[in-house]
Amino acid sequence: MNNEIYHQMLSAYDLTTTQQQRNAVFEVNQQVILAGLYHGGFFDVAAFYGGTCLRIFHGLQRFSEDMDFSLLAPSADFDFTQYFQPIIDEFAMVGRKVEIKKKDKADFGKVESAFLKDNTDVYDVTFQTEKSIKIKIEVDTQPPLKFSTEQKLLLLPTSFMVRCFTPSSLFAGKMHALVFRQWKNRVKGRDWYDFEWYVRHSIPLDFSHLQERVLQFNHEEIGKEAFLEKLKERLATADINQVKADVMPFVRHPKELDIWSNDYFLQLAGMLRFEDS
């Protein structure tokens, strides 16, 4: 019965190719982790955000590997290890064995460490039967605030609720990543894909939360005009072929990237809307 639930979750995906199978296993395991966190009471103190949140709860048509969480309020002594057992128990319910370890900051590469602030704790969830699958969990214990949250429902492996950033606040996090958190030698096309999704779905940008993120991470205050100028500079100067290459393994329909060009994204920027303050 336990494995039946796991296979029922997998059956919702197209498993034709090896990459599709890998993506599906990632996402099913992510949902089991969310269920464990719910039963452990994690969402009383934290919220889910990032590309994986957008994928699972809003139908973003690309897969995402990592799971990002923010505490609802800063906490210097937050201990994520108290949620290890609920996650382990949840996987046991569906016939899987997992191991969870806190990742040592000394193990980070130069690029990865550049995008993690000191108050972000990182954990790896590994699987006994799928050695190639490792899900990274990041928890921001000193988060930028002024974000909004909502409760979102999942029905498997059991019915449960996940506290998530609202789409507008999710958009703020994505725009911060796109504009402020990339080196010239690292282009993350998944950020561009998500930007396109937000504009296409007429999601307004939570600029108050974006300002908080820029202030905390980049130590600068920014207004809307200055932000738009930085955004357009990023969109105009990036190597669009590198952008496409990064996102290609995560999308279902690569042909949808054919229209991508610097000018295309500049026109998208002209369609960006801000959430009413």
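Everything below is about the structure printed above this text.
Summarised in this report is the structure supplied together with it. The structure displayed is predicted, hence computed values, not measured ones. For every chain, the first residue of the written sequence is number 1, and numbering continues from 1 along that sequence. Confidence filtering applies because this is a predicted model: local features only for residues at pLDDT of at least 70, side-chain atom pairs given and counted only at 80 or more, and all residues used for totals across whole chains, interfaces and linings. For side-chain calculations, the full set of non-hydrogen atoms in the structure is used, while hydrogens and water are omitted.

Side note on a nonpolar patch on the surface
Line of reasoning, step 1. Together, Tyr 38, Leu 153, Leu 155 and Met 161 make up a nonpolar patch on the protein surface, roughly 380 Å² of accessible area in all.
Line of reasoning, step 2. Note on conventions: DSSP H or I runs of at least 4 residues are helices, E runs of at least 2 residues are strands, and numbering of each starts at the N terminus. Structurally, the position occupied by Tyr 38 is in helix 2 (residues 18-39).
Line of reasoning, step 3. Any residue under 20% of the maximum accessible area for its type is buried, any over 50% is exposed, and the rest in between are partly exposed; the area is computed with a 1.4 Å probe on protein chains only. For Tyr 38, a relative accessible area of 35% translates into the label partly exposed. Without a salt bridge and with relative accessible area above 30%, a residue can belong to a patch; like charges are then joined within 9 Å and nonpolar side chains (Val, Leu, Ile, Met, Phe, Trp, Tyr) within 5 Å. Exposure was quantified through the Shrake-Rupley algorithm and a 1.4 Å probe, taking into account, for residues, occlusion by the shown protein chains and nothing else. In what follows, salt bridge is the name for a side-chain nitrogen of Lys or Arg lying within 4 Å of a carboxyl oxygen of Asp or Glu.

Overview of the pairing of strand 2 (residues 67-71)
Line of reasoning, step 1. Where burial is concerned, most of strand 2 is hidden: 5 out of the 5 residues are buried.
Line of reasoning, step 2. Burial along strand 2 is two-sided: Met 67, Phe 69 and Leu 71 facing one way and Asp 68 and Ser 70 facing the other are all buried.
Line of reasoning, step 3. A strand pair is defined by DSSP finding two or more bridges across the two strands. For strand 2 and strand 5 (residues 134-140), the ladder comprises 4 bridges, and the chain directions are parallel. Considered in strand 5, the bridge of Asp 68 is made with Glu 138.

Some points on helix 3 (residues 51-58)
Line of reasoning, step 1. Burial of helix 3 is extensive: 7 of the 8 residues sit out of reach of the surface.
Line of reasoning, step 2. Among the residues of helix 3, Gly 51, Thr 52, Cys 53, Leu 54, Arg 55, Ile 56 and Phe 57 are the ones counted as buried.
Line of reasoning, step 3. Of the residues one or two after helix 3, Gly 59 is the one with positive phi, at around 75°.

Describing the pattern of salt bridges
Line of reasoning, step 1. Counting across every chain of the model gives 12 salt bridges.
Line of reasoning, step 2. Lys 136 is paired through a salt bridge with Glu 138; the nearest N and O atoms lie 3.5 Å apart. Grouping residues by exposure puts Lys 136 and Glu 138 together as buried.
Line of reasoning, step 3. Among the ionic pairs, Arg 190 bridges to Asp 246, the shortest N-O distance being 3.1 Å. Of the two residues, Arg 190 is situated in helix 7 (residues 189-200) and Asp 246 in helix 10 (residues 240-247); the sequence distance between them amounts to 56 residues. In terms of burial, Arg 190 and Asp 246 fall into one category: buried.
Line of reasoning, step 4. Salt bridges sharing partners connect three or more residues here, namely Arg 62, Lys 174, Asp 191 and Asp 194.

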